[in-house]
Amino acid sequence: MGTTIEQTAEGPAGTTTLLRFATAGSVDDGKSTLVGRLLYDSKSVLADQLEALEQASRNRGRDTPDLALLTDGLRAEREQGITIDVAYRYFATKRRRFILADSPGHEQYTRNMVTGTSTADLAVVLVDARKGVVEQTRRHVAIAALLRVPHVVLAVNKMDLAGYDEAVFARIAAQLTAYATELGVPEITAIPISALAGDNVVEPSANMDWYGGPTVLEHLESVPVSRDLSGDHARFPVQYVIRPQTAEHPDYRGYAGQIAAGSFHVGESVTLLPSGQVTTIAAIDALGVPVPSASAPESVTVLLADALDVARGDLVVPTAAAPELTRRIEATVCHLHERPLVVGAHVLLKHTTRTVKAIVKDLPYRMDTGHGLARRPRPESLTVNDIAKVVLHTSEPLAMDGYAHSRRTGSFLLIDPADGATLGAGMAGAAFTDGRGGGL
């Protein structure tokens, strides 16, 4: 099922690229052990970490290092032997740098899995070879599809406990690959592994000579990182207005922020949203140095030809490719708070650097992600971990792209105006993309 990808992981001038990836799977499928094995076998564990790991393992009566403890950092996690919060780890090999997020497996921590996967380039979904595909496995694959994660690895774990049986792997891989394809996952790679024994994690397994694909680490090192946003429609959310008003710069007025997508050029005609004012880019400063152009995800200061009223939250876009403004937002929302979300609720909507008032107008359906595309119409409210279609009306117009086209400018947060608590994470537009590229 797995196929080696012949593509370099090096960036410009031989610099290594960065891959963000997340692990997910049902309870006790071995996520933390897999991450620990990756760190341990790739020699990414520092001496003091290794000493602490060995001591903690001895305290639990283990003769060998319990690799799951490398990621289960909370005391409650160590005591219960489960993952509760997302654990982030950073490591590197000669070919690539990595930021990994070990996500919880319990259904009650689905919101944590959404958080860990929201910025991932790749998701590793584990399956226990003895149990096969369970509801939580399907839920995690559905969330990976919902968040538009471009690469998914189906790691069939605990093959040692299934006798390294090729038929067991083939059956699970075929079932999950078909399911992920139905949900619109663009690339799926299945790998048979034993995280505990180390089979096909970093080193190839001598116990599964029937498998000819890459190990997990080989795939992570070679999978293309598709975060090139320079070809998208350009978007520049203004984060900060710079006016030094010094003797050296008496008239300097720049707009600082990070380019969310596309490229901007000096002399280009741009439109400011939501005001609709049209002007020209007079200059672009990058780290205080004038440059002729800049692309996502660079942080720059943009100077405009005209003295206009521009503030934090405004969006600079090319005049030729300006998005439409709207006060009606249809989106998929993952509810993150114990406080229910109901029709008529007043919320704050934070989109890029802009925050506006909004009201929940409709809850057309809630998704049963454990069963793929199943929809439960007209829920009375959304409770924690629910994922649903939500219709919002905002007090001010927003220039929001569809999430399928831009994970940066198609996403938003819902915030409680009373106490500032984050209520939900939203993705504008259709929830899923089917195997033919259409919206669902």
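Going by the structure above, here's the rest.
On a predicted model such as this, the values are computed, not experimentally measured, just so you know.

1. Focus: the nonpolar core
Residues Val141, Leu147, Leu154, Met159 and Leu176 are the most contacted members of the largest nonpolar core, which totals 42 residues. Within the residue set of this core, elements represented by two or more residues are helix H4 (110-117), strand E4 (122-128), helix H5 (135-146), strand E5 (151-157), helix H6 (166-182), strand E6 (188-192), strand E19 (354-368) and strand E23 (422-428). Here the element with the most residues in this core is H6; it accounts for 7 residues. Apart from residues no more than four positions distant in its own chain, Leu147 is found in contact with Val114, Thr117, Ser118, Tyr403, Arg407 and Met427.

2. Quick notes on empty space enclosed by the protein
The gaps left among the atoms become clear once a water-sized probe is rolled over them. Taken as a whole and assessed by the stated rule, the structure comprises 1 cavity of 30 Å³ or more. The space that makes up the largest cavity amounts to roughly 70 Å³. In this structure, the largest cavity is lined by Leu273, Pro274, Gly313, Leu315, Leu325, His351, Thr352, Arg354, Pro397, Leu398 and Ala399. Residue composition of the lining of the largest cavity, grouped by class: 7 nonpolar, 3 polar and 1 charged.

3. As for the pattern of salt bridges
Any two side chains of opposite charge can pair if their charged atoms end up close together. Using the criterion set out here, one finds 12 salt bridges in the structure. As a salt-bridge pair, Glu330 and Arg328 come within 2.8 Å of each other at their nearest N and O atoms. Taking relative accessible area as the criterion, Glu330 reaches 32% and is therefore assigned partly exposed. One salt bridge in this structure joins Arg354 and Glu396, with 2.6 Å as the shortest N-O distance. Highlighted residues: Arg354 in strand E19 and Glu396 in strand E21 (residues 387-398), separated in sequence by 42 residues. Through salt bridges that share partners, Asp128, Arg130 and Lys158 make up one connected network.

Cut-offs and rules
Residues numbered from 1 in each chain as written. Predicted model: local features only at pLDDT ≥ 70, side-chain atom pairs only at ≥ 80, totals over all residues. Heavy atoms only, no water. Core = buried A, V, L, I, M, F, W, Y, C linked by side-chain atoms within 4.5 Å. Buried < 20%, exposed > 50% of the residue type's maximum accessible area, 1.4 Å probe, protein only. Helix = DSSP H or I, 4+ residues; strand = E, 2+ residues; numbered from the N terminus. Contact = heavy atoms within 4.5 Å. 1 Å grid on protein atoms, 1.4 Å probe; cavity = no way out; pocket = protein on both sides within 12 Å on 5 of 7 lines; lining within 4 Å. Points joined across faces, edges and corners; volume = space filled by probe spheres on them. Nonpolar A, V, L, I, M, F, W, Y, C, P; charged D, E, K, R; others polar. Salt bridge = Lys/Arg side-chain N within 4 Å of Asp/Glu carboxyl O.

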